[in-house]
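So you can see what is in the structure, the chains are spelled out below.
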Amino acid sequence: MTEEFDATKPIYMQIMEKVNKKIVRNEWKSGDKLPSVREMAVQTGVNPNTIQRTYSELERMGIVETRRGQGTFVTENEEVIKRLREQLKQEIMSDFVRNMKELGFTIDEIVASLKDFSQGEGV
C-alpha cells in the first residue's frame, strides 16, 4: 500500500511529519519500536534510502533513537515529545491564522468563529 505525496515538498519531510503526528497522537508511544527501514519503505512505497534519511533526521532532532542491532525507537524523553506536540500546534495555528487573515478576518472574528465551531457540529 503506497502513499500519495505532495510533489512540492521532499518525501522524507512528509514521512517525518507523518511519524511526528503518530507520536503526538500517541499511536506510537515513548519507547515503541518503529518499523524497520525496509518495512517502512514497503509500507510507504519509497526507496529505503529515503526512509533512512527520515530516521536519521528524526534521530538528529532527538525524536527517535537507534539502538545498534535492535532498531529505531521513539524517544523515552517525555520533554522532547511535549516540545514536538507544542511545535506542531504552533505550526498549525500559525498557518490557520495567516490564512484567515489573508481572507480579511480579524483576530476577534477568528476567535469567535473557533468558539462557534467548537460548540457546533464542526468538532
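Scope of this entry: the structure provided in the associated data block. (Residues numbered from 1 in each chain as written. Predicted model: local features only at pLDDT ≥ 70, side-chain atom pairs only at ≥ 80, totals over all residues. Heavy atoms only, no water.)

## Section: the pattern of salt bridges
Reasoning step 1: Inspection of the entire model under this criterion finds 9 salt bridges.
Reasoning step 2: Here Lys-9 ties to Glu-17 by a salt bridge, and the two come within 2.1 Å at their closest N and O atoms.
Reasoning step 3: The class of Lys-9 is partly exposed, set by a relative accessible area of 28%.
Reasoning step 4: Measuring nitrogen to oxygen at the nearest pair gives 3.3 Å for the salt bridge that ties Glu-76 to Arg-67. (Salt bridge = Lys/Arg side-chain N within 4 Å of Asp/Glu carboxyl O. Buried < 20%, exposed > 50% of the residue type's maximum accessible area, 1.4 Å probe, protein only.)

## Digging into the layout of surface pockets
Reasoning step 1: Of the pockets and cavities examined, the largest pocket occupies roughly 330 Å³.
Reasoning step 2: Lining the largest pocket are 14 residues, and of these Lys-9, Glu-17, Asn-20, Leu-88 and Glu-91 lie nearest its centre.
Reasoning step 3: Where the lining of the largest pocket is concerned, the elements lending two or more residues are α1 (11-24) and α4 (78-102).
Reasoning step 4: In terms of residues, the lining of the largest pocket owes the most to one element, α1, which gives 6 residues.
Reasoning step 5: Of the residues belonging to the lining of the largest pocket, the class tally is 6 nonpolar, 2 polar and 6 charged. (1 Å grid on protein atoms, 1.4 Å probe; cavity = no way out; pocket = protein on both sides within 12 Å on 5 of 7 lines; lining within 4 Å. Points joined across faces, edges and corners; volume = space filled by probe spheres on them. Helix = DSSP H or I, 4+ residues; strand = E, 2+ residues; numbered from the N terminus. Nonpolar A, V, L, I, M, F, W, Y, C, P; charged D, E, K, R; others polar.)

## Thoughts on the environment of Glu-17
Reasoning step 1: Topologically, Glu-17 is positioned in helix α1.
Reasoning step 2: In the structure, Glu-17 is positioned 71 residues away from Leu-88 in sequence and 9.1 Å away in space, judged by C-alpha atoms.

## Observations concerning the nonpolar core
In summary, soluble globular proteins display a tendency toward joint burial of nonpolar side chains.
Reasoning step 1: By size, the foremost hydrophobic cluster in this structure holds 21 residues, and its most contacted members are Val-19, Ile-23, Trp-28, Leu-34, Ile-51, Leu-58 and Ile-63.
Reasoning step 2: When residues of this core are traced back to their parent elements, those giving at least two are α1, α2 (37-44), α3 (48-60) and α4.
Reasoning step 3: Ranked by the residues each element gives to this core, the list is headed by α1, at 6 residues.
Reasoning step 4: Beyond its immediate sequence surroundings of up to four residues, Ile-23 is in contact with Trp-28, Ile-63, Val-74, Ile-81 and Leu-84. (Core = buried A, V, L, I, M, F, W, Y, C linked by side-chain atoms within 4.5 Å. Contact = heavy atoms within 4.5 Å.)

## A word on α3
Reasoning step 1: For α3, which comprises 13 residues, the first-to-last C-alpha distance of 18 Å matches the rise-based estimate of 18 Å (1.5 Å per residue) to within 8%.
Reasoning step 2: Among the residues of α3, Ile-51, Thr-54, Tyr-55 and Leu-58 are the ones counted as buried. Relative to the axis of α3, the buried residues are bounded by an arc of 90 degrees and lie together on one face. Of the exposed residues in α3, the ones pointing more than 90 degrees away from its buried face are Asn-49 and Arg-60.
Reasoning step 3: Turning to α3, the residues buried within the fold contact α1, α2, β1 (64-67) and β2 (71-74).
Reasoning step 4: Looking one or two residues beyond α3, the residue adopting positive phi is Gly-62, at roughly 85 degrees. (Expected span 1.5 Å × (residues − 1). Arc of directions from axis to C-beta.)

## Quick word on the environment of Ser-36
Reasoning step 1: Note on placement: Ser-36 falls in the loop between α1 and α2.
Reasoning step 2: A C-alpha to C-alpha distance of 6.6 Å links Ser-36 and Gly-71, two positions 35 residues apart in sequence.

## What about the packing of α2 against α3?
Reasoning step 1: Viewed as axis vectors pointing N to C, α2 and α3 meet at an angle of 115 degrees, and their least axial separation amounts to 8 Å. α2 and α3 meet at a crossing whose hand is right-handed. Contacts from Val-37, Met-40, Ala-41 and Thr-44 of α2 reach α3 at Pro-48, Ile-51, Gln-52 and Tyr-55. (Axes fitted to C-alpha atoms, helices over the stretch in contact; angles between N-to-C directions. Left-handed = near helix turned anticlockwise from the far one by under 90°.)

These values are about where atoms sit, not about what they do.
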